[in-house]
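# Residue-level structural notes
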Amino acid sequence: MAVTINQQMSIPIVDFSAWSSGSVRQRQEIAQDLATACRSLGFVYIVGHGVSPELVHEAFDWSKKLYGLSHEDKMKAPHPPGPTPHRGYSHPGLEKVYSKQDAQGNAVEESQGRSLRQVTDFKESYEIGSEENPAQPNVWLPEELLPGFRAFMTTFYWELNDLASLILEAFSQGLNLTHSDRELFLGLHSGHNNQLRLLHYPPVPADKLEKQIIARMPAHTDWSSFTMLFQDDCGGLQLENPNKEGHFIPATPLPGALVLNIGDMLQRLSNDTFPSGTHRVTLPPLQEEKDGSRQITRARYSIPYFVAPDETAIIECLPSRVDEKHPAQYPPVMYREYGGMRSKYSYQQAPTNTAAE
Ligand SMILES: O=C(O)CCC(=O)C(=O)O
Ligand SMILES: [Fe+2]
């Protein structure tokens, strides 16, 4: 039995190890297990995913080296102004993550953008894409600052895309797509519009997070098709229980597992068969260090990989998932336009970077 519901954590675990070399029956079981898991929460742990622990370890090592550089050096690969291109280094406080609900209504755009920023997201990130995506060129550090970083990350990006392609196949089988829908679905994802993200949440006083004076990452959905996330052992990632608004389930770090969550595009393509999971990063349960009487959270590192449709792909409910009983829930949308709408306020003028002091 490849799917287990861990009672304590309630997030299903799917073993993907037999996907590439398994029998037709084994593959069918995995596809079904994955679909069952994604239907319920839109969140699943994948074990046996084939990305070697050494490679993941090396990626975290590079991330630590990157964030160990001085602010001045990190700013040699600055995120360009505005939300796109979404590449390079974002210092703490620059990017604001918010939910679809937070940003509704067009008339009060400016004030909304400002009010969303009253609570700073205390994290720093570095975004990497395909080297062959002219719409979103990478912003690299000078090679001498971190020799080998660019080469490693470029290889890692495509290694993760290899896994993403297998998971897309498993999804098309689990969703019972017709042959032509399968071709369409796979064809939307060339791999050139994915995004590899290195995230660092510096230590902060726990009470600042508790009192919501600052945030790590507020509740949101990802707007790509799905996300594969590696996290360190700190904890703090949580997903919202889809049946109980405002109740969050911890995505406790599970050694060797990646966390997969469904994004808005796959929710649309699957016509709501797979819900896009709302998640956030908040206070981890572990607080090991103390600063006088004040509790300080540990630093946290995570590496999400967003598997996205191509920029100009038109996303609409796949015909295999639409019938009289299940009419299409979404009109067609170009992926680039949807992303633009969701990220509109995320890179407005940032407040000064002092929130965690
Ligand atoms: O850091 C994490 O665990 C989650 C990151 C995340 O949700 C995101 O970057 O969209
Ligand atoms: Fe996310």
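In this report, the structure presented in the accompanying data block is examined. (Residues numbered from 1 in each chain as written. Chains lettered and ligands numbered in written order. Predicted model: local features only at pLDDT ≥ 70, side-chain atom pairs only at ≥ 80, totals over all residues. Heavy atoms only, no water.)

## Some remarks on the side chain of Ser-225
With respect to the secondary-structure elements, Ser-225 resides in the loop between strand E9 (217-220) and strand E10 (226-231). Accessibility expressed as a relative area gives 0% for Ser-225, which makes it buried. Setting aside its immediate chain neighbours within four residues, Ser-225 contacts His-189, Ile-262, Gly-263, Met-265, Leu-266, Leu-269, Val-307, Ala-308 and Pro-309. (Helix = DSSP H or I, 4+ residues; strand = E, 2+ residues; numbered from the N terminus. Buried < 20%, exposed > 50% of the residue type's maximum accessible area, 1.4 Å probe, protein only. Contact = heavy atoms within 4.5 Å.)

## Quick word on the nonpolar core
A general feature of soluble globular proteins is that nonpolar side chains tend to end up buried together. Counting 68 residues, the largest nonpolar core has Tyr-126, Phe-149, Met-153, Phe-156, Phe-171, Phe-226 and Leu-260 as its most contacted members. With 12 residues, helix H5 (residues 149-174) is the largest single contributor of residues to this core. (Core = buried A, V, L, I, M, F, W, Y, C linked by side-chain atoms within 4.5 Å.)

## Remarks on the site of ligand 1
Taken together, 14 residues are adjacent to ligand 1, and Arg-197, Tyr-201, His-279, Arg-300 and Ser-302 come closest. Asp-222 places a side-chain nitrogen or oxygen 3.1 Å from an oxygen atom of ligand 1. Take Ser-302: an N or O atom from its side chain is 2.7 Å from an oxygen atom of ligand 1. In isolation ligand 1 has 290 Å² of accessible area, and contact with the protein removes 96% of it. Every element with two or more residues in the shell around ligand 1 is listed here: strand E7 (195-201), E9, strand E14 (279-281) and strand E17 (300-307). Sorting elements by how many residues they give to the shell around ligand 1 places E17 first, with 4 residues. For the shell around ligand 1, the per-class residue count stands at 8 nonpolar, 3 polar and 3 charged. (Near = heavy atom within 4 Å. Polar contact = N/O pair within 3.5 Å; in protein donor to acceptor, adjacent residues only side chain to side chain. Areas by Shrake-Rupley, 256 points an atom, 1.4 Å probe, with all protein chains shown as cover. Nonpolar A, V, L, I, M, F, W, Y, C, P; charged D, E, K, R; others polar.)

## Some details on the pairing of strand E13 (residues 258-262)
Taken residue by residue, a regular strand's side chains alternate between the two faces of the sheet. Most of E13 is tucked away, with 5 of its 5 residues classed as buried. Covered by surrounding structure in E13 are Leu-258, Leu-260 and Ile-262 together with Val-259 and Asn-261, the residues of both alternating faces. Strand direction decides the pairing type here: strand E3 (residues 43-47) and E13, joined by 4 bridges, are antiparallel. Bridge assignment links Ile-46 to a residue of E13, and that residue is Leu-258. Both E10 and E13 contribute to a ladder of 4 bridges, which runs antiparallel. Paired with Met-228 across the strands is Leu-260, a residue of E13. (Pairing = 2+ DSSP bridges.)

## Description of unusual backbone geometry
The omega torsion across Thr-84 and Pro-85 is 0°, close enough to zero to call that bond cis. Positive phi, close to 55°, is recorded for Gln-212, a residue that is not glycine. Position of Gln-212 among the secondary structure elements: in the loop between helix H7 (206-210) and strand E8 (214-215). Assessed through its relative accessible area of 59%, Gln-212 is described here as exposed. With a phi angle near 75°, Asp-272 is a residue other than glycine that sits in the positive phi range. Following the sequence through the fold, Asp-272 ends up in the loop between helix H8 (264-269) and E14.

## Notes on the packing of helix H2 (residues 53-68) against H5
Between H2 and H5, the shortest axis-to-axis distance is 11 Å and the interhelical angle comes to 140°. Judged on the interaxial angle alone, H5 and H2 are oblique. Here H2 runs over H5; the crossing is left-handed. On H5, the residues that touch Leu-55, Glu-58, Ala-59, Trp-62 and Leu-66 of H2 are Phe-149, Phe-152, Met-153, Phe-156 and Glu-159. (Axes fitted to C-alpha atoms, helices over the stretch in contact; angles between N-to-C directions. Parallel < 35°, antiparallel > 145°, perpendicular 65-115°, else oblique. Left-handed = near helix turned anticlockwise from the far one by under 90°.)

## Examining helix H9 (residues 335-342)
Buried within H9 are the following residues: Tyr-335, Tyr-338, Gly-339 and Arg-342. What you see down the axis of H9 is that its buried residues fit within an arc of 100°, all on one side. If you follow the buried residues of H9, they end up packed against H8, strand E18 (314-315) and strand E19 (333-334). (Arc of directions from axis to C-beta.)

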